[in-house]
Amino acid sequence: MPADTIVLESMPSMGGAAARSLVPSRDKRARVPSSTFEVRDLVQETARLADYARVCGFTLRDTVPATWLHVLAFPLHIQALGSQDSTIRLMGAVHVANRMTMLRPVSVSERLTIGVRADNVRPHRRGALVDLVADIRSGDETVWDGVSTYLASGMTAPGDAPDGSHEPFEAVTPHARWRVPARTAKDYRRVSGDPNPIHTNRLAAKAFGFPRPIVHGMWTHARALAALEGSLGSSYSVGVDFVKPVLLPGTIGFSSSHEDGVTTADVTTKDGTKPHLRMRVEAVS
Amino acid sequence: MSHNAVVIGGNRIPFAKSNGPYADASNHDMLTAALDGLVARYGLSGARMGEVAAGAVLKHPSDFNLTREAVLSSALAANTPACDLQQACGTGLETTVYIANKIALGQIDSGISGGVDSTSDAPITVSDPLRRILLKASAARSAADRMKAFAQVRPRHLAPKAPSVTEPRTGLSMGEHQALTTEAWGITREEQDTIAEASHHKLAQAWEDGFFDDLVTPYLGVARDAILRPDTSVEKLAKLKPVFGGPQGTMTAGNSTALSDGAATVLLASEEWAKEHNQPILARIVDAEVAAVDHPGGADLLLGPVAAAGRMLARQGLTLDDFALVEIHEAFASTVATTLKAWNDEDYCRGLGLDGALGTIDPSILNVTGSSLAAGHPFAATGARIVPTLAKLLQERGPGSRGLISMCAAGGQGVVAILEAV
């Protein structure tokens, strides 16, 4: 265990830390704590997993989806960025990318130790990027790891920002179309605990420059992963780029293709011309 | 152990449009009517059959034993067993395969297959959250716990839920899926309207010729398929607006099947049983197969039967040239057009793991008495409409004549079968 690991008695509730993290930081230099925040022997709740699975489109299985493990680690994201040493506020930051690896199937009955630290602060043309690096262990075995990349607008980090343009997107013909009612964000807030009002409150959404609330990016991610659930192997890594938020209510398109053991999938506008989320899933041997 | 499973005949009620003449009839009512017509035609009153298998796609929870209940309401002996089977739009053919297999194995010597669907009397259910709350309340041990469960009910939970016509995984309706396929395969509006016109004209001619006199029993004052429009034409069909595929789409209400009500049954037996009971023998069931495609992965939803047909023909050492008649279920006119194109597409067939293209057929042997566009398509009943129709047509063409059935079904599935006149 690294010396600077802070072990929490239980998973922190998100309300307080979230409220604190709504207060903007005066210091515009991006700074994060070096500690790892850890919760041990976390019991997974089957009822909450069932609710999560229904909201996101997963089949309730004995083994859990990778995105569920992200949800379990998420309160520690807020904790890591909610501490005194942090100048980045998670509530105002934008989740721009997420990578995670399921190293082996994880059962809902396993007790898990979850650790999260903030790392890799770097410049971006619109602010600073930071990675929330998480790992989940069962006993001594690491079973999952994840990197969530957030963009803190207006913050600065030393160095030159790389050219941040996305890969060009070619229009696709969606072979699935999902209606996303406004309720989806309320449902996802319940199962994820993510209290960010930008997803459920019109005024909060407007304050952040959106005409309507936007659905949680991790819901869109989970929904897209759920669409591939039959072809996900026992261990896989999945990466997504959140390109453009989905306004609520809305209708989105989905298309996927599979080649040489790699599945690429896009969540798009319903006509397939613009991407919301781009995903890549690879088997891990 | 091995017996020839043969088609003796069939009976159905005329098919009708949703909320039309059968608006007040339930699946139970219609299936019983079709069974009783079959019993009357083949003198089976009071007879104990080996088994009856039928099903419905849209089914009420209280109809968990729909077929057995229909048997009990029918003139068949009350000790005739029955079961419900469901294979989406392929149900009527799947039940036929199920009964034929049992006959071939010697487990039963006679049986009835069938299917029924009512889109008028479709089940309406409570919303998922309300259902879970009600279940929690009924499992509660104390009044307080029960009240706690009821306290979770919200007004939005109370909206009833009609059955969805969309594929659960893709959120697209069958028509929207087929519109993608139609475009990908370059099927024109005119091709589709021509197929629709031919279906109506051929079905009308068959009724005119009395072909259906021993296949259909009138019900609730309906004596002929009520969707049939003998006077339709490509010109009239060309005036309809597209309903699938957007404003530039080519699929209309005229070249897509209408939501329908109806029921159909097939009488099957071993050749020995048929002879012993002095029943006619129309054709034997030679082979069948079910296949599926990965439609959530982007495959054409309604081309499931292509792989099934390819594998079945290879196994039987047959080619399309060996068939006197072919029945391709007209879910949409474009399903027929794309199926024919896919059969003749070398790359597509190899992509399915087949040895190559299946080839082409003479259009004059296809759906010779019309199909679902003209007759209507009460989902589970259609297979049981096609089997006796084809068996009778093959028998007219003489012993050894073979017929091929290809049916697409929801879930990217397809059911195919071969019949041969005895």
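Conventions used here
Sequence order as written defines residue numbering, which begins from 1 separately in each chain. As a convention, the first chain written is A and the first ligand written is 1, with the rest following in written order. Totals for whole chains, interfaces and linings use every residue, but because this is a predicted model, local features are given only for residues with pLDDT of at least 70 and side-chain atom pairs only at 80 or more, for both listing and counting. Side-chain measures were taken over the full set of non-hydrogen atoms in the model, leaving aside hydrogen atoms and water. Per the convention used, a helix needs a DSSP run of H or I reaching at least four residues, while a strand needs a run of E reaching at least two, with both numbered from the N terminus. Computation of the radius of gyration draws on C-alpha atoms alone. For the globule rule, the value is 2.2 Å times the number of residues to the power 0.38. To sort residues, take the accessible area from a 1.4 Å probe on protein chains only and compare it with the maximum for the residue type: under 20% means buried, over 50% means exposed, and anything in between is partly exposed. Any two residues whose heavy atoms approach within 4.5 Å at even a single point are treated as in contact. Areas reported here follow the Shrake-Rupley algorithm with a probe of radius 1.4 Å; residue values treat only the protein chains shown as occluding. By the counting rule applied here, Lys and Arg register as positive and Asp and Glu as negative, while His and the ends of each chain are not counted. Charge coordinates come from a single atom per side chain, which is NZ of Lys, CZ of Arg, CG of Asp or CD of Glu. What makes two strands pair is DSSP finding at least two bridges between them. A side-chain nitrogen of Lys or Arg and a carboxyl oxygen of Asp or Glu constitute a salt bridge if their distance falls within 4 Å. Residues enter a patch when their relative accessible area is above 30% and they make no salt bridge; the linking distance is 9 Å between like charges and 5 Å between nonpolar side chains (Val, Leu, Ile, Met, Phe, Trp, Tyr). Residue types Ala, Val, Leu, Ile, Met, Phe, Trp, Tyr and Cys, when buried and joined through side-chain atoms within 4.5 Å, form a set referred to as a nonpolar core. Two parts lose some accessible area (1.4 Å probe) when they are put together, and adding that loss for both gives the buried area. To obtain each axis, a line is fitted to C-alpha atoms, and for helices this fit is confined to the stretch in contact; angles are then taken between N-to-C directions over 0 to 180 degrees. pLDDT measures how confident the predictor is about each residue, on a scale from 0 to 100. What qualifies as a polar contact is a pair of N or O atoms within 3.5 Å, subject to a donor-acceptor requirement within protein and to the restriction that residues adjacent in sequence count only when both atoms come from side chains. Two rings from Phe, Tyr or Trp (for Trp, the six-membered ring) form a pair when their centres are within 6.5 Å of each other. A pair whose planes differ by under 30 degrees is stacked, one over 60 is edge-to-face, and the rest are tilted. Orientation labels follow simple angle bins: below 35 degrees gives roughly parallel, above 145 gives roughly antiparallel, 65 to 115 gives roughly perpendicular, and whatever is left gives oblique. Less than a right angle of anticlockwise turn of the near helix away from the far helix marks a crossing as left-handed, whereas a clockwise turn marks it as right-handed.

A. Representation of the overall build of chain A in the model. Of regular secondary structure, chain A possesses 6 helices and 11 strands. Its C-alpha atoms give chain A a radius of gyration of 18 Å, near enough to 19 Å, the size a compact globule of 285 residues would have. Considered along the principal axes of its C-alpha atoms, chain A spans approximately 50 × 40 × 35 Å. By the burial criterion, 52% of the 285 residues in chain A qualify as buried. Contacts in chain A between residues far apart in sequence, at least 24 positions, make up 74% of those at least 6 positions apart. Total accessible area computed for chain A in this model is approximately 13100 Å², and 51% of it derives from carbon and sulfur atoms. When the 33 basic and 29 acidic side-chain charges of chain A are each reduced to a single mean position, those positions are 11 Å apart.

B. Main features of unusual backbone geometry. In this structure, the amide linkage connecting Leu-248 of chain A to the following residue, Pro-249 of chain A, adopts the cis form with an omega of -10 degrees. Looking at the secondary structure, you find Pro-249 of chain A in the loop between strand 8 (236-242) and strand 9 (250-259). With a phi angle near 50 degrees, Asn-278 of chain B is a residue other than glycine that sits in the positive phi range. Tracing the backbone through its elements, the reader meets Asn-278 of chain B in the loop between helix 9 (271-276) and strand 9 (283-292).

C. Quick peek at helix 6 (residues 174-184) of chain B. Burial in helix 6 of chain B covers these residues: Met-174, Gly-175, His-177, Gln-178, Ala-179, Thr-181 and Thr-182 of chain B. Tucked inside the fold, the buried residues of helix 6 of chain B contact helix 7 (189-208), strand 6 (242-244), strand 7 (251-252) and helix 11 (333-343) of chain B.

D. Looking closely at the pairing of strand 11 (residues 402-409) of chain B. Residues and elements named next belong to chain B. Counting buried positions over the 8 residues of strand 11 gives 7, a clear majority of the element. Where strand 10 (residues 325-328) lies against strand 11, 4 bridges are found, and the strand directions are parallel. By the bridge assignment, Ile-328 is partnered in strand 11 with Ser-406. Relative to strand 12 (residues 413-421), strand 11 runs antiparallel, the two being bridged by 8 bridges. Counterpart to Ser-406 in the pairing with strand 12 is Val-416. The antiparallel pairing of strand 11 with strand 12 creates a hairpin that spans 3 residues between the two strands, and Gly-411 there sits at a positive phi of about 80 degrees.

E. Geometry of the pattern of salt bridges. Summed over all chains, the structure comprises 33 salt bridges over all chains. The salt bridge involving Glu-208 of chain B is made with Arg-224 of chain B; its shortest N-O contact spans 3.5 Å. Of this pair, Glu-208 of chain B sits in helix 7 while Arg-224 of chain B is found in the loop between helix 7 and helix 8 (234-238), placing the two residues 16 residues apart along the sequence. The class for Glu-208 of chain B is exposed, based on a relative accessible area of 56%. With a closest N to O distance of 2.7 Å, Asp-214 of chain B and Lys-392 of chain B form a salt bridge. You can see Asp-214 of chain B sitting in the loop between helix 7 and helix 8 and its partner Lys-392 of chain B sitting in helix 14 (residues 382-397), a full 178 residues away along the chain. Under the relative-accessibility criterion, Asp-214 of chain B is labelled partly exposed at 36%. Residue Lys-392 of chain B is classed as buried on the basis of its relative accessible area of 11%. Overlapping salt bridges bring together Glu-38, Arg-40, Asp-135 and Arg-137 of chain A as one network.

F. Expanded view of a positive patch on the surface. Side chains of Lys-186 and Arg-189 of chain A together with Arg-154 and Arg-156 of chain B sit close together on the surface and give a patch of like positive charge. Among the structural elements, Arg-189 of chain A can be located in helix 4 (residues 183-192). You can call Arg-189 of chain A partly exposed: its relative accessible area is 36%.

G. Structural detail: the nonpolar core. In this structure, Tyr-52, Leu-69 and Met-279 of chain A are the most contacted members of the largest nonpolar core, which totals 77 residues. At 11 residues, helix 3 (residues 66-82) of chain A tops the list of elements feeding residues into this core. Filtering out sequence-adjacent residues up to four positions away, Tyr-52 of chain A remains in contact with Phe-58, Pro-65, Thr-67, Trp-68, Val-71, Tyr-188, Val-191 and Ala-222 of chain A. Membership of the second largest hydrophobic core comes to 43 residues, among which are Leu-215, Ile-285, Ile-386 and Ala-417 of chain B.

H. Local environment of the interface of chain A and chain B. Each partner contributes to the interface: chain A provides 12 residues, whereas chain B provides 13 residues. Of the roughly 1000 Å² buried where chain A meets chain B, counting both sides, 40% is carbon and sulfur surface. At the boundary of chain A and chain B, one finds 2 salt bridges. Its salt-bridge partner being Arg-169 of chain B, residue Glu-229 of chain A comes within 3.9 Å of it at the nearest N-O pair.

I. Looking closely at the sheet that holds strand 4 (residues 112-124) of chain A. Residue and element names in this part refer to chain A. If you walk across this open sheet you meet the 11 strands as 1-2-4-5-6-3-8-11-10-9-7, and the pairing is mixed. Whereas interior strands pair on both sides, the edge strands pair on one side only; in this sheet they are strand 1 (5-8) and strand 7 (176-180). Across the sheet, the mean angle separating the axes of adjacent strands is 20 degrees when strand polarity is ignored. In the sheet, strand 10 (residues 262-269) pairs with strand 11 (residues 275-283) via 7 bridges, with the strands oriented antiparallel. Residue pairing across strands places Ala-265 opposite Met-279, the latter belonging to strand 11. Along the sheet, helix 6 (residues 217-227) makes contact with strand 3 (94-102), strand 7, strand 8, strand 9, strand 10 and strand 11, crossing strand 11 at roughly 50 degrees.

J. Structural detail: the confidence of the model for chain B. The pLDDT averaged across chain B works out to 95; a share of 99% of its residues lies at or above 70. Prediction confidence for the complex, expressed as pTM and ipTM, is 0.88 and 0.78 respectively.

K. Seen up close, the environment of Ser-107 of chain A. Residue and element names in this part refer to chain A. With respect to the element layout, Ser-107 can be found in the loop between strand 3 and strand 4. A C-alpha to C-alpha distance of 11 Å links Ser-107 and Glu-45, two positions 62 residues apart in sequence. Not counting the four nearest positions on each side in its chain, Ser-107 is found in contact with Gln-44, Asp-62, Thr-63 and Val-64. Within the structure, the side chain of Ser-107 is placed 3.3 Å from the side chain of Asp-62, a separation counted as a polar contact.

L. Here's a closer look at the packing of aromatic side chains. All names here are of chain B. Tallied over the full model, the rule gives 9 aromatic pairs over all chains. Where Trp-207 meets Phe-212, the ring centres are 5.0 Å apart and the plane angle is 40 degrees; that geometry is what we call tilted. On the basis of relative accessible area, Trp-207 is assigned to the buried category, the value being 7%. In this structure Phe-212 comes out as buried when scored by relative accessible area, which is 2%.

M. Representation of the side chain of Asp-266 of chain A in the model. Residue and element names in this part refer to chain A. Mapped onto the elements, Asp-266 comes out in strand 10. At 2.8 Å, the side chain of Asp-266 and the side chain of Arg-278 are in polar contact. Residues in contact with Asp-266, not counting those within four places in the same chain, are Phe-169, Val-172, Gly-253, Phe-254, Ser-255, Leu-277 and Arg-278.

N. Fine view of the packing of helix 6 of chain B against helix 11 of chain B. Residue and element names in this part refer to chain B. Following both chains from N to C, one finds helix 6 and helix 11 inclined at 45 degrees, their axes separated by 10 Å at the closest point. With respect to their mutual orientation, helix 6 and helix 11 come out oblique. Both helix 6 and helix 11 take part in a crossing whose hand is left-handed. Contacts between helix 6 and helix 11 involve Gln-178, Thr-181 and Thr-182 on the former and, on the latter, Ser-334, Thr-335 and Thr-338.

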